[in-house]
Amino acid sequence: MAPNSALSITQRARSKVFIRALLITLVVVLPLLMLLIMVRLTAQTNLSGAVPWLSDGVMNWHQVKTVHTVGFSGGYYTLNEIPAQVDVLRFYMHGPVYPLLYGLFALVAGWDLPIVVYANIVLFAVGVLVVVRTIPFTNRQLALLALVTGSYYPVILFLPTAMQETLNVFVGLVLAALFYHAFQRQAELPLTAKIVGVGFFAFAIFTRMSWGLLLLPYLYLILPRSRARIPLALLGTLLIGGSLVFIMGRIIPANDYHMVYRLLTALREDPAGGLDLLVENIVINLSRYTSLHKPQSDIALTIVFWAVSAMLLAILWKNRHAQAADAANPRLQIGFHLYNLFSVLILSLLLYIMGTWGDYRVISIHLLLTFVLLIALGQERLVTVYLVFNLLCIPLLQPSFQELHEAHFPPEPRPDMTTLEPYLVFEPNQTDPWCNSIAVQDILFDNRILTVPGGIGLNLIQPGVFTELSILRSRYLWLAPDAYERVRHEMGVTELTLAVPAELNLPIYLNPNADC
């Protein structure tokens, strides 16, 4: 071979490597570029100005602060001071995955207000790398995937928050890779790969229980073909999912505000009343879901959901006579996508909250999983149709971004994180975790709570739930005037002692009934 020919082959090989690396980079970078543009347009700042705001975000961020500061020996994180049945981990009702995983990041990078955004970016990038390194995308498919991630506003919207959405985006991306190989090889998938897949599902269910819906089709795909395939998949889902839910029910605090808890309680006490509660919730959710007063990007996502579903149904009808057991057959793949989308939609209608970013956060991630798989399994046309609509809807992102993030990028100075350190002191030798805990009234649960020192557990209190506030156990009480008067009266004291200097103008008191 002539030297020039060898050089030309080497140059072409390098060019191919460069183009592929560039496309993979774009899959990660495009949504981050969109995020930076949105932050600059709406808040005239950068990512370093991010401050957790929504109650779940504040709770998530502070749990990581406690893990980073004192490990697992901090106070309780609960709703209405209802701790877990087993006192192994004292994390909030969303489970231990977020504080543990982000706590690992904090060990390396420390933990300050904007660091959660950088942790989200790293986790998103890892999820993308798992997908592009384990699925043999063509360059055309990678370009399409970059356009999807770069314009997929649900991912962009929640990247600068301390909510669990980016963690669930990571889960969805990894599950997309698992399902790709399950579709390609089915029962021929190596046993090790099957074990890894089921193990990751356990992680996913601990992150968000609704991921358990996808365990059923995954087990169906990887089980040997037989008449018992469906019953075995159902049995495996019930055994694995049921065991995980049982464990979670023991180590995670109860949520007496959640629809599932309220429904089960009502059904035990009065079955007819429980069914009335379920019907009422469905009616409310349908009203919210079909409302034109939702955020604009939420309306756009609803349209995308039904447009994609209609196209999937059309493909399913076209292939209605094909063998569903054939992995390369669109019927099996399209059936999975419809199950993926409608199972989570129905579950949200029954037991979750529609509107107010509720179903939006859950359904959008399942939709992203479907888009990644459609590209990987050769249904690029369907994704291209979606992209045209999605790109037209990008102008809707800015008002939705501003609505969601107005408080995440406040114009005023960030809170002084050292304000409460001299007064709310974590005591490592305390045997009672309530002595390292603070109860915070719900209407006061905003970003000022971030200044509570690490190690002091946060307990979100809803005074309307309590028939007797004198049973509060947390050492510190952060109360508005109405709850203060109730506590003072029910505890039989003239006044509560301030736990902080009066000049701070913070209504934080010592609990006279705390045995500390």
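Residues numbered from 1 in each chain as written. Predicted model: local features only at pLDDT ≥ 70, side-chain atom pairs only at ≥ 80, totals over all residues. Heavy atoms only, no water.

(A) Summary view of the nonpolar core. Core analysis: the largest hydrophobic core is formed by 147 residues, its most contacted members being F137, F371, I438, W478 and I508. Broken down by element, this core gets its largest block of residues, 14 residues, from helix α7 (residues 165-185). Residues within four places of F371 in sequence aside, it is in contact with V148, Y152, V304, V308, V383 and Y386. Grouped together as the second largest cluster of nonpolar side chains are 13 residues, A439, L469, L477 and M491 included. (Core = buried A, V, L, I, M, F, W, Y, C linked by side-chain atoms within 4.5 Å. Buried < 20%, exposed > 50% of the residue type's maximum accessible area, 1.4 Å probe, protein only. Helix = DSSP H or I, 4+ residues; strand = E, 2+ residues; numbered from the N terminus. Contact = heavy atoms within 4.5 Å.)

(B) Just the pattern of salt bridges, in detail. Within this structure, the stated rule accounts for 9 salt bridges. Here D298 makes a salt bridge to K294, at a shortest N to O gap of 3.6 Å. Grouping residues by exposure puts D298 and K294 together as buried. Among the salt bridges present, the one from R486 reaches E490, with a minimum N-O distance of 3.4 Å. Placement of both R486 and E490 in helix α18 (residues 481-491) is noted, with a separation of 4 residues, approximately one turn of the helix. Looking at R486, the relative accessible area reads 28%, which means it is partly exposed. (Salt bridge = Lys/Arg side-chain N within 4 Å of Asp/Glu carboxyl O.)

(C) Examining empty space enclosed by the protein more closely. This model, assessed by the stated rule, comprises 4 cavities of 30 Å³ or more. For the largest cavity, the calculated volume is near 70 Å³. Every residue along the wall of the largest cavity is listed here: T66, G71, F72, G74, G75, Y77, L89, R90 and F91. Forming the boundary of the second largest cavity are Y289, D298, L301, T302, F305, D359, Y360 and I363. Residue assignment for the lining of the second largest cavity shows that the elements contributing at least two residues are α13 (296-318) and α15 (358-376). Take the lining of the second largest cavity: its biggest share by element is 4 residues, from α13. Class assignment for the residues of the lining of the second largest cavity results in 5 nonpolar, 1 polar and 2 charged. (1 Å grid on protein atoms, 1.4 Å probe; cavity = no way out; pocket = protein on both sides within 12 Å on 5 of 7 lines; lining within 4 Å. Points joined across faces, edges and corners; volume = space filled by probe spheres on them. Nonpolar A, V, L, I, M, F, W, Y, C, P; charged D, E, K, R; others polar.)

(D) Structural detail: α7. Over its 21 residues, α7 runs 30 Å from end to end, which matches the ideal 30 Å to within 8%, given 1.5 Å per residue. Burial within α7 is extensive, with 18 of its 21 residues counted as buried. One or two residues past the end of α7 sits Q186, with phi positive at roughly 50 degrees. (Expected span 1.5 Å × (residues − 1).)

(E) A look at the environment of M354. By the element assignment, M354 lies in the loop between α14 (330-351) and α15. As a C-alpha pair, M354 and P415 span 61 residues in sequence and 32 Å in three-dimensional space. Excluding residues within four positions of it along the chain, M354 makes contact with N285, R288, Y289, L345, S348, L349 and D359.

(F) Quick peek at the packing of aromatic side chains. Overall, the coordinates contain 18 aromatic pairs when judged by the stated rule. On the numbers, 4.8 Å between centres and 45 degrees between planes, the contact of Y484 with Y509 is tilted. In this pair, Y484 is assigned in helix α18 and Y509 in strand β5 (residues 508-510), connecting sequence segments 25 residues apart. Given the relative accessible area of 13%, Y509 is considered buried. Through pairs of rings, three or more aromatic residues link up here, namely F179, F183, F201, Y218 and F336. Taking the ring centre of Y76 as reference, the NZ or CZ of R90 above it sits at 5.9 Å. Geometry around Y220 places R229 over its ring, the cationic atom sitting 4.1 Å from the centre. (Phe/Tyr/Trp six-rings, centres within 6.5 Å; stacked < 30°, edge-to-face > 60°. Lys NZ or Arg CZ within 6 Å of the ring centre and 35° of its normal.)

(G) Looking closely at the side chain of S348. Following the sequence through the fold, S348 ends up in helix α14. Polar contacts involving the side chain of S348 include one to the main-chain carbonyl oxygen of V344, which spans 2.8 Å. Each residue touching S348, except ones within four places of it in the same chain, is listed here: N285, I353, M354, D359 and V362. (Polar contact = N/O pair within 3.5 Å; in protein donor to acceptor, adjacent residues only side chain to side chain.)

(H) Quick look at the environment of R208. Take R208: it is sitting in the loop between α8 (191-207) and α9 (215-222). Residues R208 and L54, 154 residues apart in the sequence, show an inter-C-alpha distance of 18 Å. In this view, R208 contacts E165, N168, R361, V362 and I365; residues no more than four positions away in its chain are not counted. At 2.7 Å, the side chain of R208 and the side chain of E165 are in polar contact.

What is shown is where atoms sit, not what they do.
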